[in-house]
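Architecture and fold: a report
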Amino acid sequence: MSDIEIRKVTARIGAQISGVDISEPLDQETVTALRDALNVHKALVFDDVHLDDEGQQAFARHFGDLTTAHPTVPAVEGAPNVLPVDSERGRAANNWHTDVTFVLNPPQASTLRSITIPPYGGETLIASSAAAYRNLPEPLRLLADTLWAEHTNDYDYAVPEEEVDEEQAAQRARFTSIKYRTAHPVVRVHPLTGERGLFIGGFAQRIVGLSVSESRKVLDLLQAYVTRPENVLRHRWSPNQLVLFDNRITQHYAIDNYDGLPRRLNRVTVAGDVPVGIEGKESYSIQGDASHYTSVATYPTAA
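The protein chain goes by Alpha-ketoglutarate-dependent taurine dioxygenase in an unreviewed UniProt entry, where it is assigned to Streptomyces umbrinus. According to its UniProt record, the protein chain has this under Sequence similarities (unreviewed entry): "Belongs to the TfdA dioxygenase family."

Put into structure tokens, the structure is as follows:
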């Protein structure tokens, strides 16, 4: 095993990893050490990595089977598991979200690799939903424990019609070309650690059993705990970086603060398990089949 060094970036989320060359095949002891670090820190930053798309996929495969790039959005040409996160494709990531929660088993982990970095701005915020859950006052925690939310890729983005140009309309049509609705527990139990986290974000649009307006109030209240500054890692990208984050217990947000300059990251995600709430009940699909996008990972139940 390499002499892995782990340096915390903030108290609640994020660690800088050094002493391991992720462009090379990793032995099981190293993979286990990185998995353990991910369980603790939620997001891992690797500097000075020299990876192409194949290398990024090979690294991500150490953690499980890969998903294809996205259920509806095209992949990088010739690389069906790689999604270009590109400023030229619009600003769809400019909201707090967990990747692809509108399907039954969202990715367990995401990797982002810097390709083109603007000279300023373009940071990615990553928040610990486990810290958010721990922050909840007891009455709110008891309420959240009982709630389920419907997640969907087809919802009103609240963008005034006059601000949506033809290209943006085409992007939205492609994003919703297959419509998905899935019910997930608002409090998800992490399958490896047993830790609880708020599993909501931008695709969570309605609380089961509440009206849309009631749902919005409850979701906004809970979401405010996720995005507290002390729960957030603000990652400023540099060339040749890779960030690995646990998609089961984080949210992220790409800041549009770089004046439309070129910005490009490549994303590769690892297939995840079906979320489970605190009573052991699994998420359930309401609309849409994502079997073309992802296999289902399975784990022994966490203690």
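This is not the end of the story, as more comes after the structure.
We now examine the overall build of the protein chain. When helices and strands are tallied, the protein chain shows six helices and 16 strands. Radius of gyration (C-alpha) of the protein chain: 18 Å, near the 19 Å computed for a compact globule of 303 residues. Based on the C-alpha atoms only, the size of the protein chain along its principal axes is roughly 50 × 50 × 35 Å. Taken across its 303 residues, the protein chain has 51% of its residues classed as buried. Within the protein chain, contacts between residues at least 6 apart in sequence are counted, and of these 82% link residues at least 24 apart. On the protein chain, roughly 13,500 Å² of surface is accessible, and the fraction owed to carbon and sulfur atoms is 51%. Averaging the positions of the 28 positive and the 40 negative side-chain charges in the protein chain gives two centres separated by 5 Å.

This part is about the sheet that holds strand β16 (residues 284-287). Read across the open sheet, the four strands follow the order β11-β7-β8-β16; overall the sheet is antiparallel. Each of the sheet's edge strands pairs with one partner strand only, and the pair in question is β11 (204-207) and β16. Here the average twist between neighbouring strands, direction ignored, is 30°. In the sheet, strand β8 (residues 181-185) pairs with β16 via three bridges, with the strands oriented antiparallel. The partner of Thr 182 across the bridge, within β16, is Ser 285.

It is worth spelling out the packing of aromatic side chains at this point. Throughout the structure, instances matching the rule amount to eight aromatic pairs. For the ring pair Phe 102 and Tyr 180, a centre distance of 5.6 Å and an interplane angle of 35° mean the geometry is tilted. With Phe 102 in the loop between β4 (83-86) and β5 (109-116) and Tyr 180 in the loop between α5 (166-175) and β8, this residue pair connects regions lying 78 residues apart in the sequence. Taken together through their ring pairs, the aromatic side chains of Phe 102, Phe 175, Tyr 180 and Phe 203 make up a single cluster. Above the plane of the ring of Tyr 133 lies Arg 141, whose end atom (NZ or CZ) is 6.0 Å from the centre. Arg 188 extends its terminal NZ or CZ atom over the ring of Phe 199, reaching a point 4.8 Å from the ring centre.

Inspection of the entire model under this criterion finds 13 salt bridges. Between Asp 86 and Arg 264 there is a salt bridge, and its shortest N-O distance comes to 3.8 Å. Taken together, the residues span a long stretch of sequence, with Asp 86 in strand β4 and Arg 264 in strand β15 (residues 264-270) at a distance of 178 residues. According to the relative accessible area criterion, Arg 264 is partly exposed, its value standing at 21%. A salt bridge links Asp 145 to Arg 196, with the shortest nitrogen-to-oxygen separation between them at 3.8 Å. Of the two residues, Asp 145 is situated in helix α4 (residues 138-146) and Arg 196 in strand β10 (residues 196-198); the sequence distance between them amounts to 51 residues. Judged by its relative accessible area of 18%, Asp 145 is buried. Here Arg 196 falls in the partly exposed class, since its relative accessible area comes to 32%. Here the residues in one salt-bridge network are Arg 188, Asp 246, Arg 248 and Asp 273, joined through shared partners.

The element strand β7 (residues 148-152) is extensively covered by neighbouring structure, given that five of its five residues are classed as buried. Alternating positions in β7 separate into two faces, Trp 148, Glu 150 and Thr 152 on one and Ala 149 and His 151 on the other, with burial throughout. Bridge count for β7 against β8 is five bridges, and the pairing is antiparallel. Across the sheet, residue His 151 finds its bridge partner in β8, namely Thr 182.

Our next topic: the side chain of Ser 215. Relative to the helices and strands, Ser 215 is located in helix α6 (residues 212-226). Classification of Ser 215 as buried rests on a relative accessible area of 0%. Excluding anything up to four places from it in sequence, Ser 215 contacts Gln 205, Arg 206, Ile 207 and Leu 210.

Residues Val 208, Tyr 284 and Ile 286 make up a contiguous nonpolar surface patch of about 220 Å² in total accessible area. Positionally, Val 208 belongs in the loop between β11 and α6.

Counting residues in hydrophobic clusters, the biggest one holds 26 residues, and the most contacted among them are Ile 22, Leu 34, Leu 44, Phe 46, Phe 59, Leu 242 and Leu 244. Those elements giving two or more residues to this core turn out to be β2 (15-18), α1 (28-41), β3 (43-46), α2 (53-60), β13 (242-246) and β15. With four residues, α1 is the largest single contributor of residues to this core. Setting aside its immediate chain neighbours within four residues, Leu 44 contacts Ala 15, Ile 17, Leu 34, Ala 37, Leu 38, Leu 242, Val 243 and Leu 244.

Conventions adopted
Residues numbered from 1 in each chain as written. Predicted model: local features only at pLDDT ≥ 70, side-chain atom pairs only at ≥ 80, totals over all residues. Heavy atoms only, no water. UniProt positions renumbered as here; feature names shortened; annotations may be inferred. Helix = DSSP H or I, 4+ residues; strand = E, 2+ residues; numbered from the N terminus. Rg over C-alpha atoms; globule rule 2.2 N^0.38 Å. Buried < 20%, exposed > 50% of the residue type's maximum accessible area, 1.4 Å probe, protein only. Contact = heavy atoms within 4.5 Å. Areas by Shrake-Rupley, 256 points an atom, 1.4 Å probe, with all protein chains shown as cover. Lys, Arg positive; Asp, Glu negative; His and termini not counted. Charge placed at Lys NZ, Arg CZ, Asp CG, Glu CD. Pairing = 2+ DSSP bridges. Axes fitted to C-alpha atoms, helices over the stretch in contact; angles between N-to-C directions. Phe/Tyr/Trp six-rings, centres within 6.5 Å; stacked < 30°, edge-to-face > 60°. Lys NZ or Arg CZ within 6 Å of the ring centre and 35° of its normal. Salt bridge = Lys/Arg side-chain N within 4 Å of Asp/Glu carboxyl O. Patch = residues over 30% accessible without salt bridge, like charges linked within 9 Å, V, L, I, M, F, W, Y side chains within 5 Å. Core = buried A, V, L, I, M, F, W, Y, C linked by side-chain atoms within 4.5 Å.

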